[in-house]
Amino acid sequence: MNHKRHHTLIEQIAEKIGLIPNLHQETETPLDRLTEPGHLTNFPPPEKWDDWVEYEAKDWPRLSKKHYTIVPTTCFNCEAACGLTAFIDKETGQVRKFEGNPYHPASRGRNCAKGPATINQITDPDRILYPMKRKGERGEGQWERVSWDEALDDIAARIRKALLEKRNNEVVYHVGRPGHEGYMDRVLQSWNVDGHNSHTNICSSGARFGYSIWYGYDRPSPDHANADFIFLISAHLESGHYFNPHAQRIIEAKMKGAKLAVLDPRLSNTASMSDYWMPSYPGTEAAVLLAIAKILLDEGLYNRAYMEKWVNWQDYLKKMHPGVDVTFENYILKMQEEYQEFTPEFAEKESGVKATMIVDVARQIGKAGERFSTHNWRSASSGNLGGWAVSRCLHFLNVLTGSVGTVGGTSPSAWNKIKPKFFDTPPAQTFWNELHFPKEYPLAFFEPSFLLPHFLKEGRGRMEVYFTRVFNPVWTYPDGFTWIEALSSEQMIGMHIALTPTWNETAFWADYVLPMGLASERHDLNSYETHSGVWIAFRQPVLREAARRNGKPVTFTYEANPGEVWEEDEFWIELSWRIDPDGSLGIRKHFLSPYRPGEKINVDEYYQYIFENIAGLPEAARNARPDGTRLHEAVWRF
């Protein structure tokens, strides 16, 4: 490639007086092409990740080379955990940018804006970089920097005292964004505390319940890519699960001829791409779905073979219609009677969706048959009284068409997930925390955590140690001022520890604010129902991995991260070890290395054990790294 060009007289004069750089200077040797002229490639090939060379864009018109080491991780800005690659400047040792990871099975290198924007988070000048302890009264906004050892010893002493005094229920871990597979369950079980609280009852529990009473799994896993008809409820792709991986596959299906229906009051970005936009009145979605079910039954568009085998129609007839011959034909007749009131005209009056469109969509669903994919998560199922019926009615359409567990259909979530096998599994807790599951709500599907500050104010209990983890109830919950009342009282909450990458309204009322890592600064396992496939991804601290590659391994992640930003994985190991310094509480034994008897496990060993016990992964890693690289190192690199 020839970079020489003729320069005008004006350019030459401007060079001499220093107005512009010297364009006549010799340039560096051009970079070697990855492909033949005329062909392009989207991503750096893995064999060049250890030393990837690009031109420095800011040095134009000079051609100066920039050397990077590329480390894969996953995004932490929603639950989809799409793949990222961090480009680490070899000269400065800093992350320069993030791009997609083409080898991630769900996102496949295609990220929404939030993934690359991770660079803005890790370079935010206002982020928390060191452990901070409160000075003065809670809420005064006065802080002092402390060491991790000081924070760990103080917190551990509080928890140990509570456990020794059998006040196990006063230790609580309240989570916003989990981001990992099962880590905290085993930690809390090892402490013997019923301490897990979540945000789920103001988020997705309505939809989860509707799905769970169908088949015991609390969310769906649609195979959008192979569907002939796709039915979505609510905004979905912009604000639901799992929007980027789902969006890719929905568009792929549409390119192959699939039709898309969106039942949503808003003309969202997703609805704008649909073949059928069905703008229903909020809270009326179930009426539309039952009208579709009636049409499928009346017009014989149901999957008889599937329903005969998998629906308990015999039990239904015996219990609800004794004396009627137990035949499938009679079952269909009785089902038609059950749903006779849900006509398209009734649904139009209830929802505002045109009856003619409801009929058209129903027939398209019947035509798609087993290749009918559906999804609903929040909004309609969470924002309305009885919203759980929306997801229940939606999956009813999958049952009628037999599109459950089929190519192009909708499967239970766990069919497309990997649950890691841990090196140690503590026994279940022997305590029940009524602050999380009160007796007044015996059928609560998830913890009614929005009631927690009210229970504390009523004196039903207190919390000696309260962790908020990537969680901001003062802002997120509808009654934030009640949360402030509880968080500001040391009688209700003895010690509040905010585990967070950033300052927020809840951290302001903490005793300790402990900086936890962002996407490129932490370890986590991710396995989600983003498509029809079983996969697991590894989020990792990229600067720690870069140090390992350079022969400078670190003991703890905060030694490689900016400031002293840590991660929960190592934090919980260290805290658990200090809660039980002599092993008398029975906690330490659950944090012993499976490779070094009697010694404390480290984070490398934690993941090494999991990776060695995932079927097929050791073989795949050996094929990827024939040089004999250890399994967890091979996974990190690939």
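All values derive from a computational prediction rather than experimental measurement.

What to know about the layout of surface pockets
- Here the largest pocket is characterised by a volume of approximately 1000 Å³.
- Lining the largest pocket are 39 residues, and of these Asp185, His196, Arg208, Lys419 and Phe446 sit closest to its centre.
- Those elements giving two or more residues to the lining of the largest pocket turn out to be β7 (171-175), α4 (183-191) and β8 (196-198).
- Here the lining of the largest pocket gets three residues from one element, more than from any other, and that element is α4.
- Its residues assigned to classes, the lining of the largest pocket comprises 15 nonpolar, 11 polar and 13 charged.
- Both domains that furnish three or more residues to the lining of the largest pocket are identified here as domain 1 (132-195 + 429-516) and domain 2 (205-416).

A few points about the sheet that holds strand β3 (residues 83-89)
- Reading across from one edge, β1-β2-β3-β4 is the order of the four strands in this open sheet, with antiparallel pairing throughout. Edge positions in the open sheet fall to β1 (52-55) and β4 (95-100), since each of these has one partner strand only. Direction aside, neighbouring strands of the sheet carry axes that sit 40° apart on average.
- Sheet topology places β3 next to β4; five bridges connect them, and they run antiparallel. Each bridged residue has a counterpart across the sheet, and for alanine 86 the counterpart in β4 is phenylalanine 98.
- Helix α18 (residues 542-549) contacts β2 (65-74), β3 and β4 of the sheet and is inclined by roughly 120° relative to β2.

Some points on the packing of aromatic side chains
- For the structure on display, the rule yields 41 aromatic pairs.
- Each member of the aromatic cluster is reached from another via a ring pair, and the members are Trp148, Tyr173, Trp191, Phe467, Phe556, Tyr558, Trp566, Phe571 and Trp572.
- Lying across the ring of tyrosine 130, arginine 145 places its NZ or CZ 3.6 Å from the centre.
- Positioned over the ring face of tryptophan 214 is arginine 392, at 5.0 Å from the centre of the ring.

The rules we used
- Residues numbered from 1 in each chain as written.
- Predicted model: local features only at pLDDT ≥ 70, side-chain atom pairs only at ≥ 80, totals over all residues.
- Heavy atoms only, no water.
- 1 Å grid on protein atoms, 1.4 Å probe; cavity = no way out; pocket = protein on both sides within 12 Å on 5 of 7 lines; lining within 4 Å.
- Points joined across faces, edges and corners; volume = space filled by probe spheres on them.
- Helix = DSSP H or I, 4+ residues; strand = E, 2+ residues; numbered from the N terminus.
- Nonpolar A, V, L, I, M, F, W, Y, C, P; charged D, E, K, R; others polar.
- Domains from an automatic or database assignment.
- Pairing = 2+ DSSP bridges.
- Axes fitted to C-alpha atoms, helices over the stretch in contact; angles between N-to-C directions.
- Contact = heavy atoms within 4.5 Å.
- Phe/Tyr/Trp six-rings, centres within 6.5 Å; stacked < 30°, edge-to-face > 60°.
- Lys NZ or Arg CZ within 6 Å of the ring centre and 35° of its normal.

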